[in-house]
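Architecture and fold: a report
Below, each chain spelled out in residue letters.
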Amino acid sequence: MDKSSRIYVAGHRGLVGSALMRNLQADSYTNLITHTHRELDLTDSAATLQFFEQEKPDYVFLAAAKVGGILANNNYPAEFIHQNIMIEANAIHAAYKTGVKRLLFLGSSCIYPKLAPQPLKETSLLTGPLEPTNRPYALAKIAGIEMCWSYNRQYGTKFLSVMPTNLYGPEDNFDLDSSHVIPALIRKFHDAKEKGASEVVVWGTGTPKREFMYSDDMAQACVFLMNLNDVTFNGLLGSDESVTGHFDPPLINIGTGTDLTIQELANLIKKVIGFKGEIVFDTSKPDGTPRKVMDVSHLHSLGWKVKVGLEEGLSQAYESYRMMRNAG
């Protein structure tokens with residue numbers, strides 16, 4: 001990407017999109033295109049195509065999505081599958097119709113089967129049943145991968161799917177009814193500290209293992225991938241399985257390659273926030289997938305590795321949350 005390239009960041013106000021914006025702006029990209037949901041509803045196919053025809057972006061980071069934690073996925077499965085499929089279908093098709101040079105579709109590690117071998121390799125896609133608590137969201141993201149793959153095969157587009165691990169950082173969603181585990185725990189421990197509570201209740205047994213990545217690291221990895229030379233980038237775009245006989249989706253994992261238990265995570269957040277009480281696990285609540293850590297050997301082979309450690313990232317995320325609370 002040239003510094004003056006027209007770059008559309010879809011979902012620029014969310015956790016992923018805002019991190020992409022910070023990275024691109026810090027790297028002196030000067031022609032960034034953004035629209036809020038009120039300005040452009042990506043579930044509206046006609047409006048999306050009209051937007052692409054008017055703005056004519058050269059590059060697209062497709063980070064717009066309806067996201068949430070276990071509770072939100074359980075309560076609103078229809079919204080999660082419908083809205084995410086519509087966003088992906090409209091944006092990817094419009095990118096093809098208007099000649100976008102490269103598109104990066106951001107998915108989620110939940111696309112992989114619940115009991116897939118660990119660490120999760122890109123080739124584990126579609127090899128087994130999904131985790132039921134977020135299956136609608138996962139299937140929508142798998143549909144997005146298949147769209148990128150299909151358009152690349154049929155039309156010669158250059159659409160790449162990236163699957164980030166669990167992310168956290170500035171502009172995260174801290175609503176306890178719809179947030180992921182880190183922002184939920186940051187808010188719980190902060191509130192408990194402020195109120196002088198004696199304990200914090202954490203969902204599940206604390207035994208599942210998860211991998212977490214600071215959102216700005218993820219953004220840096222995405223920009224790195226988007227800037228790969230043509231030969232390397234084209235090599236990531238998948239192939240026609242009916243011709244090659246190999247399962248080769250346009251897919252690459254983004255993560256740290258390391259994980260820890262939810263209990264270890266809770267204790268680390270407790271330390272960062274300075275909460276002095278006890279942690280109690282509510283074993284009546286679901287755990288989700290037993291373990292989920294990404295195989296990031298492919299990304300490492302291209303020359304990129306994570307920069308921000310977990311404790312450092314949690315400290316920055318907590319400071320961002322405190323600033324948001326103070327401003328609000």
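Residues numbered from 1 in each chain as written. Predicted model: local features only at pLDDT ≥ 70, side-chain atom pairs only at ≥ 80, totals over all residues. Heavy atoms only, no water.

Across its full length, the protein carries twelve helices and 13 strands. Expected size for 328 residues packed as a compact globule is a radius of gyration near 20 Å; at 20 Å, the protein falls within 12% of this value. Oriented by its inertia axes, the alpha-carbon framework of the protein measures out at about 60 × 45 × 40 Å. Taken over 328 residues, the protein has a buried fraction of 50%. Considering only contacts within the protein whose residues lie at least 6 apart along the sequence, 81% involve residues at least 24 apart. (Helix = DSSP H or I, 4+ residues; strand = E, 2+ residues; numbered from the N terminus. Rg over C-alpha atoms; globule rule 2.2 N^0.38 Å. Buried < 20%, exposed > 50% of the residue type's maximum accessible area, 1.4 Å probe, protein only. Contact = heavy atoms within 4.5 Å.)

Per the counting criterion, the structure on display carries 14 salt bridges. With its nearest N and O atoms 2.6 Å apart, the salt bridge here joins Arg22 to Asp216. In this pair, Arg22 sits in helix α1 (residues 15–26) while Asp216 sits in helix α7 (residues 215–226), placing the two residues 194 residues apart along the sequence. Exposure remark for Arg22: the relative accessible area of 27% places this residue in the partly exposed category. Its salt-bridge partner being Arg153, residue Asp240 comes within 3.7 Å of it at the nearest N-O pair. Residue Asp240 is located in the loop between α8 (230–234) and α9 (241–244), and its partner Arg153 is located in helix α5 (residues 135–155); the two are separated by 87 residues in the primary sequence. Through salt bridges with shared partners, a single ionic network connects Arg187, Asp191 and Arg325. (Salt bridge = Lys/Arg side-chain N within 4 Å of Asp/Glu carboxyl O.)

Further remarks concern the packing of helix α6 (residues 181–195) against helix α12 (residues 310–327). At their nearest, the axes of α6 and α12 sit 11 Å apart, and the two run at 65° to each other. Considering the relative orientation of α6 and α12, their crossing is right-handed. On α12, the residues touching Ile182, Ile186, Arg187, His190 and Asp191 of α6 are Leu314, Ala317, Tyr318, Tyr321, Arg322 and Arg325. Split by residue class, the contact of α6 with α12 holds six nonpolar, one polar and four charged. (Axes fitted to C-alpha atoms, helices over the stretch in contact; angles between N-to-C directions. Left-handed = near helix turned anticlockwise from the far one by under 90°. Nonpolar A, V, L, I, M, F, W, Y, C, P; charged D, E, K, R; others polar.)

Let us look at the state of the cysteines. The bond known as a disulfide is covalent and runs between the sulfur atoms of two cysteines. All chains considered together, the criterion is met by zero disulfides. Considering cysteine sulfurs only, Cys148 is the nearest to Cys110, which forms no disulfide, with 16 Å between them. (Disulfide = S-S within 2.5 Å.)

A separate point is unusual backbone geometry. Cis rather than trans, the peptide bond between Gln118 and Pro119 has omega equal to -5°. Summarising the element assignment, Pro119 is placed in the loop between β4 (102–106) and α5. Positive phi values are uncommon outside glycine, yet Ser28 reaches one of about 70°. Mapped onto the elements, Ser28 comes out in the loop between α1 and β2 (32–33). Within the chain, Glu171 stands out as a residue other than glycine whose phi angle is a positive 70°. Mapped onto the secondary structure, Glu171 falls in the loop between β6 (166–168) and α6.

Without other data, these values stay purely geometric and don't point to any function.
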